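# Observations on chain architecture
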Amino acid sequence: MREPDFERNLAKVLKKEKPENPTLFEFLLSEKAEEVLSGYRLKSDSEEERIKRRIYACLNAGYDFVPVLPSGLLFEQSSHQSGKETYSLNEGGLITDRESYEKYKWPDMEAVSYRYLEVAKKYLPDGMKVLSYFPNGILENVIGICGYENLCFMLADDRELATEIFRQVGSRLEKYLKNTLDFDCVGMTFCNDDRGFKQSTMISHNDLREFVYPYYRETARATHEKGKYIGMHSCGNFDGIFEELYGVIGFDGKHSYEDVIMPVEEAYEKYKGKIAVLGGIDVDFICRHSEKEIADRCRHMLEISENYGGYALGTGNSVTRYMPLEKYFALLKVVNPDLKIN
Amino acid sequence: MSITEEISEKLQKGKAKDVSALVEQAMQEGIPASVILNEGLISGMNAVGEKFKRNEVFVPEVLVAARAMNAGLKILRPAMQSEGIKPLGKAVICTVKGDMHDIGKNLVKMMIEGQGIECIDLGVDVDPQRIVDAVIENDAKVVCLSALLTTTMMGQKDVIEALKAAGIRDKVKVMVGGAPVTQQFADEIGADCYTLDAASAAEAAKAFFTE
């Protein structure tokens, strides 16, 4: 089994250096992937059991870290249509105007517990660290609370209200991630916030700078002050603003790449040495190509990043429920050829 | 600056109230509805589309511009009817079966309407047979299909197959789009058109009606 070693592997990647060993990065694994990789049957539906299973899965897969959502901080949003696998970002609309804003119940940060980090610490093997992440990012939560098109109109009609809503969400999420930095088991924080689509970002670059990035910048500053690392996840096209992710905010690594926007090979050539490139093997490519083709592309990616470093292998987005597991395992085996599937 | 240019400019800035007032004023000045429509509203929306393609404006600005266009159209519609102005034609638009995403679909719809094409919006999670029925019922010349996921994009192929089974495939142009969709995929499933962005989709749709 590949031994986890966060400091010698992923931390070096995040420092844009060459890791001691080829390194893997994945943010979210499907339930099925966790189940099969861990070989562990949940004894109950408790979060402790789920964290334990995820740690076993990550250990077996060959990761140097495990993603843990520290607690159940939730912003109230409209429930999505039950029974459907997808949902519209226009669902929501709990805050559409001043009146609904005044009625909205914001979560009490004093009531937030970080007990899941204590749980993770109990089961964490030597060398493995925790990646602490958001229960959805700033823009995702604001869209969830307002509904996307409502938010777009609000940005034009009542920017003061939009500012207030972003502040309520952003300041809480900033505090939430900063609080996780006090836990020794946390090696890196992660701002997972889908802010883009194939052509561009969901709101304008200027609005991202005004409403979202100040909170990320402060989280990055606090993370670095503690000698830890910070990454980000977002789908979408960041052309015209990508440089600010590392140059202004201070993210050490960027996750999520799509072939239709910029294949990871191209992104690596463009940004190596500036920001760590995490994952990137396009999800659709993995789903639609053979195991050999997947392994070939992964090997090529490791080859081109071998001299410069700053790269960890993984999917372009996440191990989705619909991704055939044998194809995901083909990716893992490039780094972890002894991978055992129970 | 002429009043139609002013309408176009206010529309691009998303100023719905100003657009309504200017359309009203233009009508009172005796400017034909066709001129107000083409040189004011459609021209403004075209400019927004061009800026969107160049990433000079973002989705929120497009939505706000489309809201302004609709405000202007609401005032102009009675005059359009009395002048006998008809849309270029009809397009059926929806997100395919199993997929609830609607932002991309709504954006394409707004852009297409901005070209003077009537859109029959069937919504999201739409069964192929419902699309076939809508094409027949409305005598639509274009079908626009959106899908956001690898798992749902094959639904676009299902619609093409359903159109073939109904014997109307050669009567409609099928346009496909969405995050995982590529030109290669569009070719594989036999779609007539794929575009990278909503503004280009609207131009392509217009070309189908005017070619």
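Residues numbered from 1 in each chain as written. Chains lettered and ligands numbered in written order. Predicted model: local features only at pLDDT ≥ 70, side-chain atom pairs only at ≥ 80, totals over all residues. Heavy atoms only, no water.

### What to know about the overall build of chain B
Operational definition: Comment: elements are numbered from the N terminus, with helices defined as DSSP H or I runs of at least four residues and strands as E runs of at least two. In this description the radius of gyration comes from C-alpha coordinates, and the expected globular size is given by 2.2 Å times residues to the power 0.38. Relative accessibility under 20% of the residue-type maximum defines a buried residue, over 50% an exposed one, and the middle range a partly exposed one, all with a 1.4 Å probe and only protein chains included. The contact criterion used throughout is that any non-hydrogen atoms of two residues lie within 4.5 Å. Accessible areas in this description were obtained via Shrake-Rupley with a 1.4 Å probe; residue shielding takes into account the shown protein chains only. When charges are counted, Lys and Arg are positive and Asp and Glu negative, with His and the chain ends excluded. We put the charge of a Lys on NZ, of an Arg on CZ, of an Asp on CG and of a Glu on CD.
Broken down by element type, chain B carries nine helices and five strands. Listing each helix as α and each strand as β along chain B from the N terminus yields α-α-α-α-β-α-β-α-β-α-β-α-β-α. In terms of C-alpha radius of gyration, chain B reaches 18 Å, essentially the compact-globule figure of 17 Å for 211 residues. Going through the 211 residues of chain B one by one, you find that 55% of them count as buried. Nonlocal contacts in chain B, meaning residues at least 24 apart in sequence, comprise 73% of its contacts between residues at least 6 apart. Accessible surface, chain B as shown: approximately 9000 Å² in total, 50% of it carbon and sulfur. With 23 positive and 30 negative side-chain charges, chain B shows a separation of 2 Å between the mean positions of the two kinds.

### Re the overall build of chain A
For chain A, the helix and strand inventory stands at 14 helices and seven strands. In terms of overall dimensions, chain A is globule-like: its C-alpha atoms have a radius of gyration of 20 Å, near the 20 Å expected for 342 residues. Within chain A, the proportion of its 342 residues that are buried is 60%. Looking at chain A alone, contacts between residues at least 24 apart form 75% of all its contacts between residues at least 6 apart. On chain A, roughly 13800 Å² of surface is accessible, and the fraction owed to carbon and sulfur atoms is 46%.

### Section: the interface of chain B and chain A
To keep it simple, the criterion reads: By buried area we mean how much accessible surface two parts lose on assembly, using a 1.4 Å probe and totalling the loss over both. A pairing counts as a salt bridge when a side-chain nitrogen of Lys or Arg comes within 4 Å of a carboxyl oxygen of Asp or Glu. Side-chain classes are defined by residue name, with Ala, Val, Leu, Ile, Met, Phe, Trp, Tyr, Cys and Pro counting as nonpolar, Asp, Glu, Lys and Arg as charged, and the others, Gly among them, as polar.
Across the contact, 32 residues belong to chain B and 27 residues belong to chain A. A combined buried area of about 2600 Å² lies between chain B and chain A, and 60% of that area is made up of carbon and sulfur atoms. When the buried surface of chain B facing chain A is broken down by residue, B:Phe58, B:Met100 and B:Ile103 rank first, second and third, together holding 25% of it. Put simply, B:Glu188 and A:Arg288 hold a salt bridge, and the shortest N to O gap is 3.7 Å. Within the residue set of the side of chain B that touches chain A, elements represented by two or more residues are α3 (33-53), α4 (59-82), α5 (103-113) and α8 (183-189) of chain B. Tallied by class, residues from the side of chain B that touches chain A come to 16 nonpolar, eight polar and eight charged.

### Here's the deal with the pattern of salt bridges
Residue and element names in this part refer to chain A. Under the counting rule described, the total for this entry stands at 43 salt bridges over all chains. Among the salt bridges present, the one from Asp-64 reaches Arg-2, with a minimum N-O distance of 3.2 Å. Separated by 62 residues along the polypeptide, Asp-64 in the loop between α3 (47-61) and β1 (65-68) and Arg-2 in the segment before α1 (10-14) bring together distant segments of the chain. Summarising the burial analysis for this pair, Asp-64 and Arg-2 share the class buried.

### Side note on the side chain of A:Glu258
With respect to the element layout, A:Glu258 can be found in the loop between β5 (253-255) and α11 (264-271). An unpaired buried charge is present at A:Glu258: no salt bridge exists, and A:Lys254, the closest side chain of opposite charge, is 6.3 Å distant.

### Here's the deal with the packing of aromatic side chains
Residues and elements named next belong to chain A. Let me state the cut-off plainly: Ring pairs shown here join Phe, Tyr and Trp side chains whose ring centres sit within 6.5 Å, with only the six-membered ring taken for Trp; geometry is labelled stacked below 30 degrees between planes, edge-to-face above 60, and tilted in between.
By the definition in use, this model includes 20 aromatic pairs over all chains. Measuring from ring centre to ring centre gives 6.4 Å for Tyr-213 and Tyr-216, while their planes differ by 40 degrees; the resulting arrangement is tilted. With Tyr-213 and Tyr-216 both in helix α9 (residues 205-225) and three residues apart, this pair spans about one turn of that helix. Assessed through its relative accessible area of 2%, Tyr-213 is described here as buried.

### Comments concerning the pairing of β1(A)
Residue and element names in this part refer to chain A. Note the following rule: Paired strands are those between which DSSP finds at least two bridges.
Going residue by residue along β1, you find Phe-65 and Pro-67 tucked away on one face and Val-66 and Val-68 tucked away on the opposite face as well. Alignment of β1 against strand β2 (residues 129-133), held across four bridges, turns out to be parallel. What sits directly across from Val-66, in β2, is Val-130.

### Comments concerning the sheet that holds strand β7 (residues 311-312) of chain A
Residues and elements named next belong to chain A. Spatially, seven strands are ordered β1-β2-β3-β4-β5-β6-β7 in an open sheet, and the strand pairing comes out parallel. Each of the sheet's edge strands pairs with one partner strand only, and the pair in question is β1 and β7. Of the strand pairs in this sheet, strand β4 (residues 229-233) and β5 are connected by three bridges, and their pairing is parallel. Residue pairing across strands places His-233 opposite His-255, the latter belonging to β5.

### Considerations on the domain arrangement of chain B
Residues and elements named next belong to chain B. Definition in use: Where each domain begins and ends follows an automated or database-derived domain assignment. For this analysis, a polar contact is any N or O atom pair within 3.5 Å, provided that within protein one partner can donate a hydrogen and the other can accept it, and provided that sequence-adjacent residues contribute only side-chain to side-chain pairs.
If you check the domain split of chain B, you get domain 1 (3-82) and domain 2 (90-210). The straight-line distance from the C-alpha centre of domain 1 to that of domain 2 is 25 Å. Taken together, the contact pairs 12 residues of domain 1 with 12 residues of domain 2. Together domain 1 and domain 2 conceal approximately 990 Å² of surface at their shared face, both sides included; 71% is due to carbon and sulfur atoms. On inspection of domain 1 and its partner domain 2, the count reaches one salt bridge. The interface formed by domain 1 and domain 2 contains two residue pairs in polar contact (both at pLDDT 80 or more). Every element with two or more residues in the side of domain 1 that touches domain 2 is listed here: α3 and α4. Per element, the largest residue contribution to the side of domain 1 that touches domain 2 is seven residues, and it comes from α3. Among the residues making up the side of domain 1 that touches domain 2, the classes are represented as eight nonpolar, two polar and two charged.

### Some words on helix α6 (residues 128-138) of chain B
All names here are of chain B. The test is simple: For this quantity, the arc is that covered by the directions from the helix axis to the C-beta atoms.
Buried within α6 are the following residues: Pro-128, Ile-131, Val-132, Ala-134, Val-135 and Asn-138. Across the axial projection of α6, the buried residues extend over an arc of 165 degrees, all falling on one side. In α6, those exposed residues whose orientation departs by more than 90 degrees from the buried face are Ile-136 and Glu-137. The inward-facing, buried residues of α6 contact β1 (90-95), β2 (118-121), β3 (142-146) and α7 (154-165).

### Points about the environment of B:Pro87
Residues and elements named next belong to chain B. With respect to the helices, strands and loops of the structure, Pro-87 is situated in the loop between α4 and β1. Separated by 13 residues in the primary sequence, Pro-87 and Lys-74 place their C-alpha atoms 15 Å from one another. Dropping the residues within four chain positions of it, Pro-87 is found in contact with Gly-116, Ile-117 and Glu-118.

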